[in-house]
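A look at the structure
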Amino acid sequence: QVQLVESGGGLVQAGGSLRLSCVASGRTFSASVMGWFRQAPGKEREFVAAINWSGGLTSYQDSVKGRFTISRDNAKNTVYLQMNSLKPEETAVYSCSARRASGLATKFVEYDYWGQGTQVTVSS
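The structure contained in this document is the topic of the report that follows.

Calculation rules
- Residues numbered from 1 in each chain as written.
- Predicted model: local features only at pLDDT ≥ 70, side-chain atom pairs only at ≥ 80, totals over all residues.
- Heavy atoms only, no water.
- Helix = DSSP H or I, 4+ residues; strand = E, 2+ residues; numbered from the N terminus.
- Rg over C-alpha atoms; globule rule 2.2 N^0.38 Å.
- Contact = heavy atoms within 4.5 Å.
- Lys, Arg positive; Asp, Glu negative; His and termini not counted.
- Charge placed at Lys NZ, Arg CZ, Asp CG, Glu CD.
- Buried < 20%, exposed > 50% of the residue type's maximum accessible area, 1.4 Å probe, protein only.
- Pairing = 2+ DSSP bridges.
- Disulfide = S-S within 2.5 Å.
- Axes fitted to C-alpha atoms, helices over the stretch in contact; angles between N-to-C directions.
- Core = buried A, V, L, I, M, F, W, Y, C linked by side-chain atoms within 4.5 Å.

Summing up its helical and strand segments, the protein has zero helices and 11 strands in all. Secondary structure of the protein in N-to-C order comes out as β-β-β-β-β-β-β-β-β-β-β. In terms of overall size, the protein behaves like a compact globule, its C-alpha atoms giving a radius of gyration of 13 Å where 124 residues would be expected to give roughly 14 Å. Seen through its C-alpha atoms, the protein measures out along the principal axes to roughly 40 × 25 × 25 Å. Sequence-distant contacts, at least 24 apart, represent 58% of the contacts inside the protein between residues at least 6 apart. Charge-centre separation for the protein: the mean point of 13 positive side chains lies 4 Å from the mean point of 9 negative side chains.

Structure below.
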């Protein structure tokens, strides 16, 4: 099992920045791919970004490319999501996820482990 705990959410004005962190514990070697998803009230959970074990491969939802950056520090068992130029419509609960298999999956059903999520609120 892999346990994931997110932090770093909060309230920010439009155009501002936040950095989310996700610390993994347990059988962390099972976490081949790490991802971030978000879910706004009344909407489906959507893919934001993913990163492979080495950090050499990343994938992003088109709407966040150039503004969000996913990274990981395997020595600290931590994955980060740097979010810049945030928009009010990006208000959501952001969740960290881990996948045993390789491949930068973009569907939430392809991930095996999930954190509780952290609320990000972007005010206009």
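Resuming the write-up.
A few words on the pairing of strand β1 (residues 2–7). Burial along β1 is one-sided: the residues Val2, Leu4 and Glu6 are buried and none of Gln3, Val5 and Ser7 is. Where β1 and strand β3 (residues 18–26) come together, six bridges link them in antiparallel fashion. In the sheet register, valine 5 faces β3, and the bridge partner there is valine 23.

For the rest of this paragraph, the subject is the state of the cysteines. Summed over all chains, the structure comprises one disulfide. At a sulfur-sulfur separation of 2.1 Å, the disulfide partner of cysteine 22 is cysteine 96. Torsion about the S-S bond of the cysteine 22 and cysteine 96 cystine: about -80°, corresponding to left-handed handedness. With a gap of 74 residues between them, cysteine 22 in strand β3 and cysteine 96 in strand β9 (residues 92–99) connect regions that are remote in the sequence. The exposure class assigned to cysteine 96 is buried, which follows from its relative accessible area of 0%.

Further remarks concern the sheet that holds β1. What the four strands build is an open sheet, ordered β1-β3-β8-β7; its pairing is antiparallel. Strands with a single pairing partner mark the edges of an open sheet, and in this sheet they are β1 and β7 (68–73). Each adjacent strand pair in this sheet contributes to an overall mean axis angle of 15°, direction not counted.

Time to look at the nonpolar core. Leu4, Met34, Trp36, Leu81, Met83 and Tyr94 are the most contacted members of the largest nonpolar core, which has 29 residues in total. Elements represented by at least two residues in this core include exactly β1, β3, β4 (33–39), β5 (46–51), β7, β8 (78–83), β9 and β11 (118–123). When near neighbours in sequence (up to four residues on either side) are disregarded, methionine 34 contacts Leu4, Cys22, Ala49, Ala50, Ile51, Ile70, Arg72, Val79, Cys96, Ser97, Ala98 and Tyr111. By size, the runner-up hydrophobic cluster in this structure holds six residues, among which are Val33, Phe37, Ala50 and Ala105.

Everything listed here is a matter of coordinates, which is why it stays silent on function.
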